[in-house]
Amino acid sequence: MAITRVEVTPKQGPGMRDVRGDVVRRQLAADHNITVHQVRSIVGFLIKSEIESDAIEARVNDLFADPIIEDGATNHLLLSSKNHFPDTPSCVVTVGFKAGVTDNPGTAALDGFRTIFPDAGTASISTYITYAFYGLSDEVEVQWLANTLHNNLIQRALVADHTACTNENWPAIEYTEKPPQTFEAPLHIDMEIPDEELIELSESGLLALNLEEMQTIQAHYRDEQVRAARTEAGIVANAPTDVELECLAQTWSEHCKHKIFASKIHHIDTETGEEATIDSIFKTHIMKPTHDMQKEVDWLLSVFHDNSGVIAWDDEWSVCMKAETHNSPSALDPYGGAMTGIVGVNRDILGTGLGARPIANTDVFCFGPPNWEGDLPDNLFHPSRVLRGVHAGVRVGGNESGIPTVNGAIVFDDRYIGKPLVYCGTVGIMPRHLPDGRESHIKTPVAGDIVYMVGGRVGYDGIHGATFSSLELTEESPSSAVQIGDPITQKKMIDMVLEARDLGLITCITDNGAGGLSSSIGEMAEYTNGCEIDLAKVPLKQAGLSAWEILVSESQERMTIAIKAEDQPEFDALAALHEVEATPVATFTDSGVFHVKYEDTTVAYLPIEFLHDGVPQLQLESEWKAPTLPAFIPPTDANHSDLLLSMLARPNIASKETWVRQYDHEVIAQTAIKPFVGVERDGPGDAGVIAPIHGNPHGLVISCGIAPRYSDIDAGAMAAASIDEAVRNAVCAGVDVDKIAGLDNFCWPDSIESVKTPDGKFKLAQLVRANRELERVCRAYRLPCVSGKDSMKNDYGTGEKKISIPPTLLFSLFGDQPDVRFTATSDLKHAGDKLYLVGQSHEELGASEIAFMLKESGIAAGIGGTPPQLAHPEQNLSTYRALSTAIQNGIVQTAHDCSEGGVGVAVAEMCIGGRIGATVDLDGTGHESLWARLWGESLGRFIVAVKPEREDEFVQWMSGHSITMLGEAVDEPTLTINDGFEHVVTADVHAMVESWQGALDMTGGVE
Amino acid sequence: MPSPKVAVLFGFGINCDHETAAVFDLVGGNAERVHVNHFISGQRTLEEFQILAVPGGFSFGDHLGSGRLMGNRMRFALRDQLHAFVAAGKPIIGICNGFQVLVKTGLLPGPNGPLPDFEQRASLTLNDSGRYEDRWVTLEFDPESPCIWTKGMTRMDCPVRHGEGKFVMPSTTDFDALDADHQLTVRYVDPTTTPGEGITDAPLPFPLSPNGSMRNIAGVCDSTGLVFGLMPHPEAVYAKWLHPDHTRNTAPGPQHSDTLGEWEGEGLQMFRNAVEYAKANL
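Residues numbered from 1 in each chain as written. Chains lettered and ligands numbered in written order. Predicted model: local features only at pLDDT ≥ 70, side-chain atom pairs only at ≥ 80, totals over all residues. Heavy atoms only, no water.

Colleague: Help me understand the overall build of chain B, please; the structure alone is not making it clear to me.
Modeller: Secondary structure assignment for chain B yields seven helices and eleven strands. Whereas a compact globule of 282 residues would reach a radius of gyration of roughly 19 Å, chain B reaches 17 Å, a difference of no more than 12%. For chain B, the C-alpha atoms occupy an extent of roughly 50 × 45 × 35 Å along the three principal directions. Counting every position in chain B, which comprises 282 residues, the buried fraction comes to 67%. For chain B, the share of sequence-separated contacts (at least 6 apart) that also reach a separation of at least 24 residues comes to 75%. By element, 50% of the accessible surface of chain B is carried by carbon and sulfur atoms, the whole surface being about 8,400 Å². Charged side chains in chain B number 22 positive and 33 negative. The centres of these two groups are separated by 5 Å. (Helix = DSSP H or I, 4+ residues; strand = E, 2+ residues; numbered from the N terminus. Rg over C-alpha atoms; globule rule 2.2 N^0.38 Å. Buried < 20%, exposed > 50% of the residue type's maximum accessible area, 1.4 Å probe, protein only. Contact = heavy atoms within 4.5 Å. Areas by Shrake-Rupley, 256 points an atom, 1.4 Å probe, with all protein chains shown as cover. Lys, Arg positive; Asp, Glu negative; His and termini not counted. Charge placed at Lys NZ, Arg CZ, Asp CG, Glu CD.)

Colleague: Mind showing me how you'd approach unusual backbone geometry here?
Modeller: Only a minority of non-glycine residues have a phi that is not negative, and only a minority of peptide bonds are not trans. Residues and elements named next belong to chain B. Between leucine 108 and proline 109 the backbone carries a cis peptide bond, its omega angle lying at -5°. Topologically, proline 109 is positioned in the loop between helix H5 (97-105) and strand S5 (123-125). Within the chain, aspartate 62 stands out as a residue other than glycine whose phi angle is a positive 60°. With respect to the helices and strands, the residue aspartate 62 is situated in the loop between strand S3 (51-54) and helix H3 (68-77).

Colleague: So what exactly am I meant to see when it comes to the sheet that holds strand S32 (residues 808-817) of chain A here?
Modeller: Pairing between the strands of a sheet comes from backbone hydrogen bonds, and it takes one of two forms, parallel or antiparallel. All names here are of chain A. Spatially, the six strands line up as an open sheet ordered S23-S26-S27-S32-S28-S29, and their pairing is mixed. Pairing within the sheet leaves two strands with one partner each, and these edge strands are strand S23 (671-673) and strand S29 (785-791). Between one strand and the next, the sheet's axes are offset by a mean angle of 20°, whatever the strand orientation. Two elements, strand S27 (residues 699-705) and S32, share seven bridges in a ladder whose sense is antiparallel. Counted as the bridge partner of serine 703 is leucine 813 from S32. Along the sheet face, helix H24 (residues 715-732) touches S27 and S32 and points at about 25° away from the line of S32. (Pairing = 2+ DSSP bridges. Axes fitted to C-alpha atoms, helices over the stretch in contact; angles between N-to-C directions.)

Colleague: Help me understand the pattern of salt bridges in this model?
Modeller: Close approach of charged atoms allows side chains of opposite charge to pair. Residues and elements named next belong to chain A. Applying the stated rule across the entire model yields 69 salt bridges over all chains. Linking aspartate 413 and arginine 415 is a salt bridge whose minimum nitrogen-to-oxygen distance equals 2.9 Å. Across the pair arginine 821 and aspartate 819 runs a salt bridge, and its minimum N-O distance is 2.9 Å. The partly exposed category is assigned to arginine 821, whose relative accessible area is 28%. (Salt bridge = Lys/Arg side-chain N within 4 Å of Asp/Glu carboxyl O.)

Colleague: Can you walk me through the nonpolar core in this structure?
Modeller: Across soluble globular proteins, nonpolar side chains have a tendency to be buried as a group. Among the nonpolar cores identified, the biggest contains 296 residues, and Phe64(A), Phe113(A), Phe133(A) and Trp149(B) are the most heavily contacted of them. Here this core gets eleven residues from one element, more than from any other, and that element is H24(A). Ignoring anything within four residues of it in the chain, the contact list for Trp149(B) reads Phe24(B), Ile51(B), Pro91(B), Ile92(B), Ile93(B), Gly225(B), Leu226(B), Phe228(B), Met270(B), Phe271(B), Asn273(B) and Ala274(B). Residues Ile217(A), Val243(A), Ile550(A) and Phe610(A) belong to the second largest nonpolar core, which totals 48 residues. (Core = buried A, V, L, I, M, F, W, Y, C linked by side-chain atoms within 4.5 Å.)

Colleague: Explain the interface of chain A and chain B here, please?
Modeller: Frequently, the measure chosen for interface size is the accessible area that the parts lose on association. With 75 residues of chain A at the interface, the matching set in chain B holds 66 residues. At the boundary of chain A with chain B, total buried surface from both sides reaches about 5,800 Å², with 56% on carbon and sulfur atoms. It is Ile68(A), Leu577(A) and Arg681(A) that lose the most area in chain A upon contact with chain B, and together they represent 11% of the buried surface on that side. Summed over the shared surface of chain A and chain B, the result is eight salt bridges. A salt bridge links Arg73(B) to Glu579(A), with the shortest nitrogen-to-oxygen separation between them at 2.8 Å. Our count for the chain A to chain B interface comes out at 34 residue pairs in polar contact (both at pLDDT 80 or more). (Buried area = accessible area lost by both parts, 1.4 Å probe. Polar contact = N/O pair within 3.5 Å; in protein donor to acceptor, adjacent residues only side chain to side chain.)

Colleague: Can you help me understand the sheet that holds strand S8 (residues 275-279) of chain A in this one?
Modeller: All names here are of chain A. With respect to topology, three strands assemble into an open sheet ordered S8-S7-S22, the strand pairing being mixed. A strand with exactly one partner marks an edge of an open sheet, and here the two such strands are S8 and strand S22 (619-624). Ignoring which end each strand starts from, the neighbouring axes of this sheet average 20° apart. When strand S7 (residues 264-269) meets S8, the two strands line up antiparallel, connected through five bridges. Bridge pairing in S8 links lysine 264 to aspartate 279. Together, S7 and S8 form the strand contacts of helix H12 (residues 281-294), whose direction differs from that of S8 by roughly 75°. Contacts from helix H25 (residues 760-781) reach S7, S8 and S22, with the element oriented near 85° to S22.

Colleague: Looking at this structure, how should I read helix H9 (residues 224-233) of chain A?
Modeller: In an α-helix, one turn spans 3.6 residues; hence positions three or four apart end up facing the same way. Here H9(A) starts with a cap whose side-chain oxygen sits 2.7 Å from the backbone nitrogen of Gln225(A), and that cap is Asp223(A). Taken from the residues just after H9(A), Gly234(A) is the one with a positive phi, measuring 80°.

Colleague: Could you clarify how one ought to interpret helix H15 (residues 383-401) of chain A in this entry?
Modeller: All names here are of chain A. The end-to-end C-alpha distance of H15, which contains 19 residues, comes to 27 Å, matching closely the 27 Å that a straight helix rising 1.5 Å per residue would cover. The buried fraction of H15 is high, at 17 of 19 residues. Once H15 ends, the next one or two residues include glycine 402, with phi positive near 70°. (Expected span 1.5 Å × (residues − 1).)

Colleague: Explanation requested: the packing of aromatic side chains in the structure shown.
Modeller: Residue and element names in this part refer to chain A. Inspection of the entire model under this criterion finds 23 aromatic pairs over all chains. Measuring from centroid to centroid gives 5.3 Å for phenylalanine 282 and phenylalanine 304, while their planes differ by 85°, and the two rings are edge-to-face. Linking phenylalanine 282 in helix H12 with phenylalanine 304 in the loop between strand S9 (300-302) and strand S10 (309-312), this pair joins segments that are 22 residues apart in sequence. For phenylalanine 304, a relative accessible area of 17% translates into the label buried. Seen from their ring centres, phenylalanine 365 and phenylalanine 367 are 5.5 Å apart, and the 40° between their planes marks the pair as tilted. In terms of burial, phenylalanine 365 and phenylalanine 367 fall into one category: buried. Site record: aromatic cluster; members linked through ring pairs are Phe261, Phe746 and Trp748. The ring of phenylalanine 85 carries arginine 40 above its face, with NZ or CZ at 3.8 Å from the centroid. Sitting over the ring of tyrosine 710, arginine 709 keeps its end group 5.4 Å from the ring centre. (Phe/Tyr/Trp six-rings, centres within 6.5 Å; stacked < 30°, edge-to-face > 60°. Lys NZ or Arg CZ within 6 Å of the ring centre and 35° of its normal.)

Colleague: What should I look at first to understand the domain arrangement of chain A in this one?
Modeller: Looking at the assigned domains, one finds that chain A contains domain 1 (2-166), domain 2 (180-279 + 443-473 + 489-615) and domain 3 (628-654 + 824-1007). For domain 1 of chain A versus domain 3 of chain A, the distance between C-alpha centres works out to 50 Å. (Domains from an automatic or database assignment.)

Colleague: How should the environment of Met16(A) be read in this particular structure?
Modeller: Residues and elements named next belong to chain A. Tracing the backbone through its elements, the reader meets methionine 16 in the loop between strand S1 (2-10) and helix H1 (19-32). For the pair methionine 16 and isoleucine 69, spaced 53 residues apart in the sequence, the C-alpha separation amounts to 7.5 Å. Sequence-distant contacts of methionine 16, defined by excluding residues within four places in its chain, comprise Lys11, Ile68 and Ile69.

Colleague: Before we go on, may I ask you to explain the state of the cysteines in this structure?
Modeller: Counting across every chain of the model gives zero disulfides over all chains. For the unlinked cysteine Cys247(A), the closest cysteine sulfur is that of Cys531(A), found at 9.0 Å. Here Cys16(B) stays free of any disulfide, with the sulfur of Cys96(B) as its closest cysteine sulfur at 6.7 Å. According to the relative accessible area criterion, Cys16(B) is buried, its value standing at 1%. (Disulfide = S-S within 2.5 Å.)

Colleague: How should I be thinking about the pairing of strand S12 (residues 357-367) of chain A in this particular structure?
Modeller: Residue and element names in this part refer to chain A. Burial within S12 is extensive, with eleven of its eleven residues counted as buried. Two strands pair when backbone bridges link them, and S12 and strand S14 (residues 421-431) are joined in this way by nine bridges, in the antiparallel orientation. Along S14, the bridge assignment pairs phenylalanine 365 with valine 422. Looking at chain direction, S12 and strand S13 (residues 405-412) are connected through seven bridges and run parallel.

This is the structure in C-alpha cells:
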C-alpha cells in the first residue's frame, strides 16, 4: 500500500490568520517570556491506502483542505513551496504521535476518507503538525522549543534549526506502523518460591501486591480442592497462569479494592492517650452513617455498590453522581490523562443502574504554583504546563461529549508539583422507571445473558493503569499506562446505549475503566455468580495481544453490557445504526467461576469468591501527634487595603475565568446559575444550578468544597471545612438542605509505614481524623455520602527527593433545588441593599490564606494556630435551612459563602460581581481580633444582601440565628471596610477587578 | 393544522439535539430526534418532515475543520433529499456546529437562486482568540432580511459556545452581494448601542465579537430566507431562567407568553417563527 502525504496550511491574506501559530506564539510569551515575530502552522496527513495519490490529490479540497481558508499540497512539503513560505524560518518543529497512540484527527480523517472513497479497503491515516518560527532569537534552542511543544511519552518531534532551514533541509515525519505484538501463549507462573522472590515477582511484574497477598495467592494454588477443580477444567492445577495473576493483581489493587480504607487500623492518639481499633474506615465512618440515614428517608435509591450513587429527584426522574481522580496519568501526560479522566467518569454514569445520561461535569484540579521558579524533579512537568495540558484534556473531553462543566475549582500548593490532582465528576439523570416497568437503578442480569463489549477496541495502551496508580510515581513510570481519550467514539456509544436502555435491551451495564474487562466482567459476574469469557472474540486495535493483555488492558471508550440472547439482533442493529462496534465476548453463568478462555483453551479459572473477597485485610498502624508549627502572628501594623489587593491576586483566590470560560457550561440548555455571575458575568459563582427537564424550573444544585491547606495543622479540620464549604455553596443557591447527597474523594500520600514512608503512621492518623470528622459532620448535616473514591499513593520519588501531597478531600455535593427561578448569586445587585453576615467569626487564622501569604512574603514566621472548627454543626444546619428557605422564598437574592480570605475577600468578590461598592463595618461580627474578623476563615458564614424593603422580613425569618448587620451596597465604586470607628480598608472596585482577574490570565491576551 | 413535524438530526457527536427538539415542541412543533444514518440508509426520509434542524455539537470532533465531515456525509449521501427539501420550500436551521455543517455543505449562504448547488462559498474558521469559549453576546437582526426564522426579532442576548465561529468569505464583493440581499441576517453588536442601530461592518473588538467574524456576522440565510444558520445558541435561552441576568430580575424577553408565562426567553421566538411558517405555508 502506498503512503500519500497531504499538507494543509491556512491561507494568508487580509482578515486571514494562522490561529494555531498565534496560540503558540502567545503561549511562548506568556509562559517563557519569549517573543517571536510569527509562527505559522501546517497540518499533515499520512494516508496509507490502496487509493492512488493522484486520486487523493484530486479530492484534497473535498476533505483535507477547506478551499476558502486553506491551501493544500500532496506529496510535497509545503515548507519547500516558495509560494506558500517565501521567507526562511528561524527554525521548524514538527510533531506527530508515536505509533500506536490514539490519533483522533487521524481517525476522523479516515472516516471522511471513506465517505469520499467508499472502496478504500483497509486504510489508515496518521497526522502531524508543523510549526515554522519567524523572528525567533538564536538563543532559543530548537530542541528546547520542541520539548515545550510535545510530550515524548506519546509523541515524536523532528526539528530544523536555522542552518537546516537555510539549507532547506526540512524535517519530515514519516508514516510508521506500530510493530506487531507477538501473541504469547499463557505462561504458568511458579509461585513455589521463597518470600523474597514473591516480592520480586510482584515488583518486576508491576503487580503492586504485598507479600501477604502473594502468599494468599500461593496458598490458593496449594488447595487440593482448587487443584482438583482446575484439573477438571483443563488448566494448570498447581500454579496460576499469567492471565490469572494479572487478573488478581488488577482486582486486588489498591485502586480497585481500596485496601487502606478497608484495613484494620490500630490507632493511637498521643495527645488524648486514646487507643482504638478501626475495622475498616470505609465501613465505619462512611458506609454505616449513610445506611443509617437511608432508613430515615425514601430518596436514597442506590448507594456505594454501583458505579455512582443514585437519589430520587422527583416521581419521574432520579439523579446520580460520581467523581474520580486521574492523577498519575495526568502527571505523565496532562492532556491525555485528564481527558481519559473526564470521559472515564462519564462512563461511570452511563454504567449506573441500567444506564444514566451524563448531564453535568465538575472539574477540580490541584497544581503546583503556575509561576513556580524553583527546581523541578526529573520527569515532572512545570506546573503551568500541567495546568494547560490538564485543562485542555478536560475541555476537549467535556465539550466534545456535550456535557456542560457547571462547577469546579483550581487549588495551588507547592507539593502538588509532585503529583497533580485531577478530580473529574459527572452528574447523570435517568427515568425512575423504564418503559418496560423496570426500575432503572437496579441491574437485572441472569445466568445465560450475553455479555457484549461495546465501543472502542482493545489495544496495548492502558495496560497496568490500576496497578500503576497504586504505586508512587518514578522516573521509570511506564508509558503504556497513558492513553488519550476519543470523545466522539464515546459520544456515539452513549447515544446508542441510552437508546438500548429505553428499548429495554440492557440487563446489566458497567464501564471498562481500571482493570479493563477483568474488572468489568468480573464485577458484573458477581450478580449471577459466574461468567465465561472468550478473549479471542475481543476486537483488537492491533493483532498479537496476549491473553492477559486483552483481559487487563484499559483501552478507553468501552462499556460492558449484558442483554438477553433473544435481543441480540435488535441490539446488533442498533449498534450498526450508530456505527458503534459491539461484540459478544462472554456469557453470564452461575458456575461460581470467573472462567476465561482463549478460543478453546482455558486461560483463567478463578472462583468468584476468591477473586472478589480473597484479598487479605491489611493491618495498619496509626499514630497521631499534632504537628508543631510556628504560629501565625499577625504583624502589628498592616495596610489592609494593600493586603486585600494582594489577597485577590493569590492563585487560590484569583479568578479562573479565562480557564473556566473555555468549558461549555451551557449545553443541554439547563444551566440556570453559571460558573461566573454578575453584571459583567465575571463574578464568582458559588454553586452550579441546572434545570434539566426542558420547560420545567425544577432544579438541581451541584457544588464542592476543598481545603487542603488545613491539613498542615489537622486533616480532621480539613475534612470538616471541605464538607462545610460544599454545603454552604449549595445553600447560596437555595438548595433544599433536607435533600442533599455527597461524594467523598480522598487523595492522600502513602499512609503505610515502610522504608519508603517512614511517617506512614502519622499520615494514616491524618486519614483516621479526616474520616472521623467526615462522619461527625455528615451525620449532623444529615448528608449521606452516596459514592466516593480514594487515591492513596500521591507521592513522587523516595528519600530526600520525596514529595508528598497535602492530604486532600474533595467533597462534592448534589441536591434538590425546588425552583431555579428563586436562587441567589454572589454579585451585589443594587446600591442601598443591606449587607448582613450570617454566622460568627472566631479566632481561627491557622493555615489561613492570609497566614500563608504573609509567611511567604517573610512578614509572618509561620502559619500555625487554630484552623477553622465546626463546633456545633447541628446549629449550622438549622441556620442553613433558614437561609436557604429565605432564598427559595425570594427574600434573599444575593448570598456568598465566606471561605478563603474570609469576609474581606468575600465582600470584595461581591463588589466585583456587581461592579458597585459597599460600606461595611466589622464591629460585632465575632472575635475581638480584627484579623480574625477580616481575614479569618471560620466556617458556617455567609454574606447576604437584601433589598431595604425586605430587610425586616429577612431579619424576622432569620430570628434565632446569628446574623449581624454589616452595612450596605453603594453606588460609588469603592469598598470601604471599617471596624467601629477605625478605618480598615479602602479599595477601588476596578483595582480589585484588575488584581483578581490578572493573576491567572495566562492567555497572552487577544489581539 | 397539525403540528409541523421537525427532524432534529443527531449522531456522530451532535450534542444539542435534546434541547433543540424540546424548544420546537414548546412552540407547537412535533420534533423527533433522528439519527443521520436513518436518512442515509433510507429507513427514514426527509420528506416526512416539514422542518429540519441541524443542532450544535462536535460532529466528528471538528477534526479537519468544524462541520466538515458531517457536511460531507450530507453533501454526498443526502444530496438528493436535501435538494428536494429545499426545493419544497421547507425551512432548515443550523445552529453552531449545525451552521458550520450547512456552510460546508454549501447550503449557506448558497447560490443566488432558489435551488441549492452544494458549492461551498464561505467558511467558519478558528476564533481570532484561538480559544473555544462559552460567553454571552448581543445579537441584532437585519429587519429587511428575507429570513423566515428571524421575523420581527430585533435584538437578543445569546450564548456562543464555539472555537471556530469566524465567518469568512474570499472577497468583500461576496459580502456586499449578500448584504444587498439582506442575507447577513444576524450580527454581533455592542449592547450599549440603541436597538435597531447596532449593526456595523467594522469589526468589533473581542469579546463584543467573540471570534473576529468578518462584518461581525453571527448568522446568514440563503436567498430564499428559508435556510438559516447561526453560531450563537438561541435554544439555550428558551427561558429567562437561563439568562445570566435572571437573578438580577433583568432578563429580557416577552412579558407574557402562552408557553412559559412571564418566563419565556428571547430565543424561543425563532423556533415559533418557523413552526408558524410551516403551519401557514406547508
